[in-house]
Amino acid sequence: MIGVDWGTSNFRAFRLASDGSIVGRRSSARGILQVEPGGFAEALENEIGEWLSEGEEHVLLCGMVGSRQGWVEAEYLACPAGADELAAAVVGVPFDRAEVRLVPGMKSRDADGVPEVMRGEETQVAGLLDTCSDDALLCLPGTHSKWVRLHGGKVAGFTTSMTGEVYRALRKHTILGRSMVAGDVDREAFLHGVERAATAGGLLHHLFGVRTLGLMDELRAEASAGYLSGLLIGHEVGSEMPKGAQVHLVGDEALCSLYRIAIEACGGSATIEDEDAAARGLTVVARRMGWI
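Computed from a predicted structure; not experimentally measured.

**Re the sheet that holds strand β9 (residues 115-118)**
The strands making up a sheet associate through backbone hydrogen bonding, with each pair oriented either parallel or antiparallel. The sheet built from 3 strands is open, its strands ordered β5-β8-β9 with mixed pairing. Only two strands of the sheet have a single neighbouring strand rather than two, namely β5 (77-78) and β9.

**A short note on the pairing of strand β13 (residues 246-249)**
In terms of strand pairing, strand β10 (residues 136-140) meets β13 through 3 bridges, oriented parallel. Across the sheet, residue Leu137 finds its bridge partner in β13, namely Val247. Where β13 meets strand β14 (residues 269-272), 4 bridges bridge the pair, whose relative direction is parallel. Residue pairing for β14: Leu249 is matched across the bridge by Ile272. Handedness of the crossover is the feature at issue here: the chain leaves β13, passes through helix α8 (residues 253-265), returns alongside β14, and the resulting connection is right-handed.

**Regarding the nonpolar core**
Counting residues in hydrophobic clusters, the biggest one holds 34 residues, and the most contacted among them are Leu60, Met106, Val125, Leu138, Val148, Leu150 and Val155. If you tally residues by element for this core, the top one is helix α9 (residues 277-289), at 6 residues. Among all residues touching Val125, those that are not within four sequence positions of it are Leu138, Leu140, Val148, Leu150 and Val155. Residues Ile48, Trp51, Leu52 and Leu61 belong to the second largest nonpolar core, which totals 24 residues.

**A look at the sheet that holds strand β12 (residues 154-161)**
Within the open sheet, the 5 strands sit side by side as β12-β11-β10-β13-β14. Their pairing is mixed. At either end of the open sheet lies a strand with only one pairing partner, and these are β12 and β14. Within the sheet, the average angular offset between the axes of one strand and its neighbour, ignoring direction, is 25 degrees. Where β10 meets strand β11 (residues 145-151), 5 bridges bridge the pair, whose relative direction is antiparallel. Residue pairing for β11: Leu137 is matched across the bridge by Arg149.

**Notes on helix α7 (residues 221-240)**
The end-to-end C-alpha distance of α7, which contains 20 residues, comes to 30 Å, matching closely the 28 Å that a straight helix rising 1.5 Å per residue would cover. The element α7 is extensively covered by neighbouring structure, given that 14 of its 20 residues are classed as buried.

**Some points on the state of the cysteines**
Scanning the entire structure with this criterion turns up 0 disulfides. No disulfide involves Cys256; its nearest neighbouring cysteine sulfur is the one of Cys139, lying 7.3 Å away. Assessed through its relative accessible area of 0%, Cys256 is described here as buried. With no disulfide of its own, Cys266 has Cys139 as its nearest cysteine by sulfur position, at a separation of 12 Å. On the basis of relative accessibility, which here comes to 22%, the residue Cys266 falls in the partly exposed class.

**Structural notes on the environment of Leu232**
Within the secondary structure layout, Leu232 lies in helix α7. The buried category is assigned to Leu232, whose relative accessible area is 6%. The residues touching Leu232, leaving out its near neighbours within four places in the chain, are Thr163, Val166, Tyr167, Leu170, Leu203 and Leu207.

Conventions adopted
Residues numbered from 1 in each chain as written. Predicted model: local features only at pLDDT ≥ 70, side-chain atom pairs only at ≥ 80, totals over all residues. Heavy atoms only, no water. Pairing = 2+ DSSP bridges. Helix = DSSP H or I, 4+ residues; strand = E, 2+ residues; numbered from the N terminus. Right-handed = clockwise from strand over helix to strand, strands pointing away. Core = buried A, V, L, I, M, F, W, Y, C linked by side-chain atoms within 4.5 Å. Buried < 20%, exposed > 50% of the residue type's maximum accessible area, 1.4 Å probe, protein only. Contact = heavy atoms within 4.5 Å. Axes fitted to C-alpha atoms, helices over the stretch in contact; angles between N-to-C directions. Expected span 1.5 Å × (residues − 1). Disulfide = S-S within 2.5 Å.

The analysis is restricted to geometry; functional conclusions fall outside its scope.
Shown next as structure tokens:
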């Protein structure tokens, strides 16, 4: 079968053997925002047509392709839910060359009753249900970072932090970015930002320090971006992680490494999980569907 993680900015496809092993990969920058209305079937064929010609008959999609801006809108599945519930709620997608199904997203509410949603991350989480304990805390860093709580082997609930998007906005559209030099994240400055996030004053006050530390020559321009990242991630971790928690990190290895630094600085511990969690999750759901 073929598993596809189709997000806002990127397309990733996996050719999966009957045992779930990845025997082929495709990736491109053709996320859903790069597909013209009505053009999803053609886009999919362009990306995986070779595999279809070689006899693949089943395609399982996940991610923002199932959003209102995507190919077919799939309703959000209410928590608590796990792999069985995801498999039972897949949505059919019209496609001539293969049977195509779409994994739904999930919805929850935070402690104050405000709605939470995710698309794509639920499939990554499904890929880790067999390796995490029945009760675990997962963090999926990114543009909109997700903190997912597992209970009884299912997603019990989750919360979202717009850390990545706010970081980019602050760098590109505020005065803070004018004092920064592009480059790799300065790890020492990042840790200082995390430590500052744990002090009194709040995020909005702490952010102005990025500017004033630079003005007083106490923060190098090359280190400012790292310090800003540390502030934002430090506030996120401090808000979302219970003291002393064990956190499973899922996503880009470099970003997960920064989160591990922040988590450990805040008194927790972290394990970076397989970057192919989406492929594993698609395999898990497909197996529940009887496809493999």
